[in-house]
Amino acid sequence: MTPRSLRGRVAIVGIGETPYYKHGQSPDAEFKLALKAILAACADAGIDPRDIDGFASYSDDRSDASRLAAALGTHRLRSATMQWGGGGGGCCAAVANGAAAIAAGLADCVVVFRALAQGQSGRFGQVQGLDTISGEKAYLMPYGVLSPPQRFAMRVRRFMHEHGVRQEAMRAIAMASYHHAQANPRAVMHGKPLDAATYDASRWIAEPFHLYDCCMENDGAAAIVLVAAERAKDFARKPAYLLGASAGSGYRAGAIPHNAPDYASASFTTVAPELYAMAGITPADVGVVQSYENFTGGVAMALAEHGFFRPEEANEFLTLDNLLAPTGRLPLNTSGGNLAECYMHGFELVLEAVRQVRGTSTSQARRSDVALVIGGPMVTPVSDLLLASENVL
């Protein structure tokens, strides 16, 4: 750990969210969803929303910080940060950016949030109405590679081929998320369990992805409240302290078209070691993981790159029993994750990590003093977050 570290300097003292809806079905506009989640997080912390002086988000969130500040009646706005990158690669980096603002003295109370209302602003998973294309898509779309499942299926298939990973490993990831969602009344897939036969019989989206390997598309909002660690005990709830944070990607990870030197990668080969170095821990110290599932194959790749197993050990490690709370070797996505709780571009995973540290999850892990959040595998930049209870510091 270097002196320039976030370890133990900032804490999450409030979490809040709206109900989650299938895409296009929210009764509220996106800005109203953001406000509802922020107010819920403030109520959870027992803080006056007018005391917020910073906002952080990612994936080009449309709820402008100055407009949020005006609507909430905040006394003054001191920090407003937005993490580059689409999808959920920045869900942990947004927390790190907000924490860095506090650690640097640029703000005292930062809300980090994500809001989506796809009926209002268009569906994220649909490609249509494009007159021109540029960047990576210009090398893909003329050949029929139109959607995220198609793009990422190629990376995952390469990973499976190189390391002998079987479909059953990805099935276990999907089933773990659905299993945990059955205990979580907030989950969109609560009351809709998934068994192996249903998974196997589901249609292919883009091999090796079945329907249940792919994340949902949802509307809603989620938010957290950050303050300096020395203030954390002044609030109503047990704090979750930032143990480590990291963001970025490796050498030429963004090379196009699909020309990265480490092609079959989740993009964490440099990010994960930096995370553990800041936190001062090893993978063995992590008790529970919330991993962004755009697709299950990315989770398998990301877990390997975080040191929980070697890629060639994926079939032995990624079994349903190993991934279930409370007693699995590594309980995974204990609220249901992007597959079965909600796809809030991964920010709901941060809230669940806080619940694990607090001991209030609907699927509590036996070891929950250190919780890892993995953001957006297979994109660039990606990001990571380690949260911990006070006794780990």
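Please read these numbers as outputs of a predicted model, since none were measured by experiment.

Cut-offs used in this document
Residues numbered from 1 in each chain as written. Predicted model: local features only at pLDDT ≥ 70, side-chain atom pairs only at ≥ 80, totals over all residues. Heavy atoms only, no water. Helix = DSSP H or I, 4+ residues; strand = E, 2+ residues; numbered from the N terminus. Rg over C-alpha atoms; globule rule 2.2 N^0.38 Å. Buried < 20%, exposed > 50% of the residue type's maximum accessible area, 1.4 Å probe, protein only. Lys, Arg positive; Asp, Glu negative; His and termini not counted. Charge placed at Lys NZ, Arg CZ, Asp CG, Glu CD. Axes fitted to C-alpha atoms, helices over the stretch in contact; angles between N-to-C directions. Parallel < 35°, antiparallel > 145°, perpendicular 65-115°, else oblique. Left-handed = near helix turned anticlockwise from the far one by under 90°. Contact = heavy atoms within 4.5 Å. Pairing = 2+ DSSP bridges.

**Here we look at the overall build of the chain**
- Looking only at helices and strands, the chain features 14 helices and 12 strands.
- At 19 Å, the chain has a C-alpha radius of gyration in line with the 21 Å of a compact globule built from 393 residues.
- A principal-axis box enclosing the C-alpha atoms of the chain has dimensions of 55 × 50 × 45 Å.
- Put simply, the chain has 393 residues, and 58% of those count as buried.
- Computing the positive centroid from 34 side-chain charges and the negative centroid from 38, the chain places the two 2 Å apart.

**Some remarks on the packing of helix α1 (residues 30–45) against helix α2 (residues 65–72)**
- Between α1 and α2, the shortest axis-to-axis distance is 11 Å and the interhelical angle comes to 60°. When the axis of α1 is compared with that of α2, the two are oblique. As for how α1 packs across α2, the hand of that crossing is right-handed. Of the residues in α2, those in contact with Phe31, Ala34, Leu35, Ile38 and Leu39 of α1 are Arg67, Leu68, Ala71 and Leu72.

**Overview of the pairing of strand β5 (residues 109–116)**
- Judged by how many residues are buried, β5 sits mostly within the fold: eight of eight residues are covered.
- Of the two faces of β5, both are covered, the one formed by Cys109, Val111, Phe113 and Ala115 as well as the one formed by Val110, Val112, Arg114 and Leu116.
- Bridge analysis of strand β3 (residues 54–58) against β5 gives three bridges, and the strand direction is parallel. The residue bridging Ala56 from the neighbouring strand is Val112, located in β5.

**Examining the side chain of Ser291**
- Relative to the helices and strands, Ser291 is located in strand β10 (residues 288–291).
- What makes Ser291 buried here is its relative accessible area of 0%.
- The contacts of Ser291, once residues within four sequence positions are left out, are Val299, Leu332, Asn333, Leu349 and Ile374.

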